[in-house]
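Inside the fold
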Amino acid sequence: EVQLVESGGGLVQPGGSLRLSCAASGFTFSGYAMMWVRQALGKALEWVSGISSVSSIIYYQDSVKGRFTISRDNANNTLYLQMNSLKPEDTAVYYCAKGRTNWNVRTYENDYWGQGTQVTVSS
């Protein structure tokens, strides 16, 4: 079965950096687009970034563009999110999500979720 395990979150000061990881298993990781989504307290799930199966298509939400970098290591079934210049408004639980196709980086499967990893940006 599909398993997604997020890690790397923590408490950082504004302007700081974190690198999130998502270990994936139970499916052919290299054949699917992957995404990062986040959920702030009391708010809806928010799409953050997506990357196609071979990294040819990459998109970011405007609010994180220039600060976050999504990448993947298909050999190790791992998705990453490098987060720089963090802001308090980035505070949320971050989840990775499996795409429905190899190319669509905006639409993810709703059936598979990991535990998420908490990112807190505060002074």
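Preceding block: the structure.
Model, not experiment: these values are computed from the prediction.

The next point concerns the overall build of the protein chain. For the protein chain, the count of helices and strands is zero helices and 10 strands. For 123 residues, the compact-globule estimate of 2.2 N^0.38 gives 14 Å, and the C-alpha radius of gyration of the protein chain, at 13 Å, lies within 12% of that figure. Across its three principal directions, the C-alpha atoms of the protein chain cover 40 × 25 × 25 Å. Sorting the 123 residues of the protein chain into buried and exposed places 44% on the buried side.

With that settled, the discussion passes to the state of the cysteines. For the coordinates displayed, the defined rule picks out one disulfide. What pairs with C22 in a disulfide is C96, and their sulfur atoms sit 1.9 Å apart. Judged by the sign of its S-S torsion, about 55°, the cystine formed by C22 and C96 is right-handed. Placement of the pair is C22 in strand 3 (residues 18–25) and C96 in strand 9 (residues 92–98), with a sequence separation of 74 residues. Neither residue differs from the other here; C22 and C96 are each classed as buried.

With that settled, the discussion passes to the sheet that holds strand 1 (residues 3–7). Pairing is antiparallel across the open sheet formed by four strands, whose spatial order is 1-3-8-7. Every interior strand has two partners, whereas the edge strands, strand 1 and strand 7 (68–73), have only one. Within this sheet the neighbouring strands show an average axis-to-axis angle of 15°, counted without direction. For strand 7 and strand 8 (residues 78–83), the ladder comprises six bridges, and the chain directions are antiparallel. By the bridge assignment for strand 8, S71 is matched with Y80.

The next point concerns the sheet that holds strand 10 (residues 117–121). Ordered in space as 2-10-9-4-5-6, the six strands form an open sheet in which the pairing is mixed. With partners counted over all chains shown, the strands left at the sheet margins are strand 2 (10–12) and strand 6 (58–60), one partner each. The average undirected angle you get between the axes of adjacent strands in this sheet is 25°. Where strand 9 meets strand 10, three bridges bridge the pair, whose relative direction is antiparallel. Bridge assignment links V93 to a residue of strand 10, and that residue is Q118.

Our next topic: the packing of aromatic side chains. Taken as a whole, this structure holds four aromatic pairs when the rule is applied. With a centroid separation of 6.3 Å and an interplanar angle of 55°, the aromatic rings of F27 and F29 are classed as tilted. Judged on exposure class, the residue F27 and its partner F29 are both buried. Seen from their ring centres, Y108 and W113 are 5.7 Å apart, and the 80° between their planes marks the pair as edge-to-face. On the basis of relative accessible area, Y108 is assigned to the buried category, the value being 17%. For W113, a relative accessible area of 34% gives the class partly exposed. Here the aromatic residues F27, F29 and Y32 are joined through ring pairs into a cluster of three or more. Here the basic side chain of K98 rests over the ring of F27, its NZ or CZ set 5.5 Å away from the ring centre. The ring centre of Y32 lies 3.7 Å from the NZ or CZ of K98, which sits over that ring.

The rules behind each value
- The numbers attached to residues start from 1 for each chain and follow its sequence in the written order.
- Where totals are concerned, whole chains, interfaces and linings use all residues; where local detail is concerned, this predicted model gives features only for residues with pLDDT of at least 70, and gives and counts side-chain atom pairs only at 80 or more.
- Here the side-chain values reflect all heavy atoms present in the structure, with hydrogen atoms and water set aside.
- Counting from the N terminus, the helices are the DSSP runs of H or I reaching at least four residues and the strands are the DSSP runs of E reaching at least two.
- A radius of gyration in this sense is built from C-alpha atoms; the matching globule rule multiplies 2.2 Å by the number of residues raised to 0.38.
- When a residue's accessible area, from a 1.4 Å probe over protein chains only, is under 20% of the maximum for its type it is buried; when over 50% it is exposed; and in between it is partly exposed.
- Disulfides are defined as cysteine sulfur pairs within 2.5 Å.
- Any two strands with at least two DSSP bridges between them are considered paired.
- Helix axes are fitted to C-alpha atoms over the stretch in contact, other axes to C-alpha atoms as well, and angles between N-to-C directions run from 0 to 180 degrees.
- Only Phe, Tyr and Trp rings take part, Trp by its six-membered ring, and two of them pair if their centres are within 6.5 Å. Stacked means planes under 30 degrees apart, edge-to-face means over 60, and tilted covers everything else.
- The rule is short: NZ of Lys or CZ of Arg within 6 Å of the ring centre and within 35 degrees of the ring normal puts a charge over the ring.

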